[in-house]
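A structural walkthrough
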Amino acid sequence: MADTALTAPPRSPLSHAGARLAAATRTSGGAIRLAELPFLAQLDVRLDAKGPAADAVGLALGLQLPLAPNSVVHTGRSTALWLGPDEWLLLGRPGTQRDLENGIRTAAGDEPVSVTDVSAQRTTLLVSGPRARDLLSHGCSLDLHPRAFGPGNCAQTTLGRTQIVLVARDRPRAGFWLLVRSSFAGYLVDWLLDAATEYI
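Residues numbered from 1 in each chain as written. Predicted model: local features only at pLDDT ≥ 70, side-chain atom pairs only at ≥ 80, totals over all residues. Heavy atoms only, no water.

Observations regarding the environment of threonine 124
We apply this condition: In DSSP terms, a helix is any run of H or I states spanning at least four residues, a strand is any run of E spanning at least two, and both are numbered starting from the N terminus. Note on definitions: a residue-residue contact is assigned when non-hydrogen atoms from the two residues lie within 4.5 Å.
With respect to the helices and strands, threonine 124 occurs in strand 7 (residues 122-128). Sequence separation between threonine 124 and arginine 33 is 91 residues, and the spatial gap between their C-alpha atoms is 14 Å. Non-local contacts of threonine 124, meaning those with residues more than four positions away in its chain, are made with Ala35, Glu36, Leu37, Leu40, Gln42, Trp177, Leu178 and Leu179.

Points about the packing of helix 2 (residues 52-61) against helix 3 (residues 97-108)
Our working definition: Simply put, an axis is a line fit to the C-alpha atoms, just over the touching stretch for a helix, and the angle between two N-to-C directions goes from 0 to 180 degrees. When an angle is under 35 degrees it counts as roughly parallel; over 145 it counts as roughly antiparallel; between 65 and 115 it counts as roughly perpendicular; any other value is oblique. Throughout, a crossing is termed right-handed when the near helix is turned clockwise from the far one, and left-handed when it is turned anticlockwise from it by less than a right angle. Amino acid classes used here: Ala, Val, Leu, Ile, Met, Phe, Trp, Tyr, Cys and Pro are nonpolar; Asp, Glu, Lys and Arg are charged; the rest, including Gly, are polar.
Between helix 2 and helix 3, whose axes approach to 8 Å, the crossing angle comes to 140°. Classed by the angle they form, the pair helix 2 and helix 3 counts as oblique. Crossing angle aside, the handedness with which helix 2 passes helix 3 is right-handed. Counting all contacts with helix 2, which are made through Ala53, Ala56, Val57, Ala60 and Leu61, the residues of helix 3 involved are Leu100, Gly103, Ile104, Ala107 and Ala108. Class assignment for the residues of the contact of helix 2 with helix 3 results in 9 nonpolar, 1 polar and no charged.

A closer look at the sheet that holds strand 4 (residues 78-84)
For clarity, the cut-off: At least two DSSP bridges between two strands are needed for those strands to be called paired.
What the 5 strands build is an open sheet, ordered 3-4-5-2-6; its pairing is antiparallel. The outermost strands of the open sheet, each flanked by one partner alone, are strand 3 (72-74) and strand 6 (113-117). Taking the axes of each pair of neighbouring strands and ignoring which way they run, one obtains an average angle of 20° across the sheet. With 3 bridges joining them, strand 3 and strand 4 adopt antiparallel strand pairing. Bridge pairing in strand 4 links valine 73 to alanine 80.

Considerations on the sheet that holds strand 9 (residues 162-168)
With antiparallel pairing, 5 strands are arranged side by side in an open sheet as 1-7-10-9-8. A single partner strand is all that each edge strand has here, and the edge strands are strand 1 (33-37) and strand 8 (154-159). Between one strand axis and the next, the sheet turns through 30° on average, direction left out of account. Bridge analysis of strand 1 against strand 7 gives 5 bridges, and the strand direction is antiparallel. Bridging from a neighbouring strand, arginine 33 pairs with serine 128 of strand 7.

Structure below.
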């Protein structure tokens, strides 16, 4: 019988773009920082936010699932993004998706819950630095001023005609995460680098 185990290490959707992102970061003189955060665990979780499973899952994860629209809850191990009244995107360290899924299912017990591993669907870009908001404002229709979209906010939106989940990270000046579908990641990097030319 043939050995079907994967022998090559996984490649991120933007493995070819790392040098270009690093060069733009250096050339900007600190104005912007661009980098890929590959292979984050990503789980789509659906359950009744008012049911007993929500509290049990929150305890198992060590965080309370956010209930306010477009909000984010973060702990040292994972991050939960509100996507809808009964839907969250859970982010964790690379390789933790199976443990996170098992923990959610065990905690929910017999309560109805849907957990889908979507880790391979998207990659994550970090955009930070003093000009990060200016850069993103070139192609995003959201008001990105800190009073309107500050730390602890997220939104499903478009950037340069590309659908993304935009996350304002939990500390001031920590920048943003852009969760983009793998098939559009190369285009989005090209767009970001083109939009960043005034800073580099």
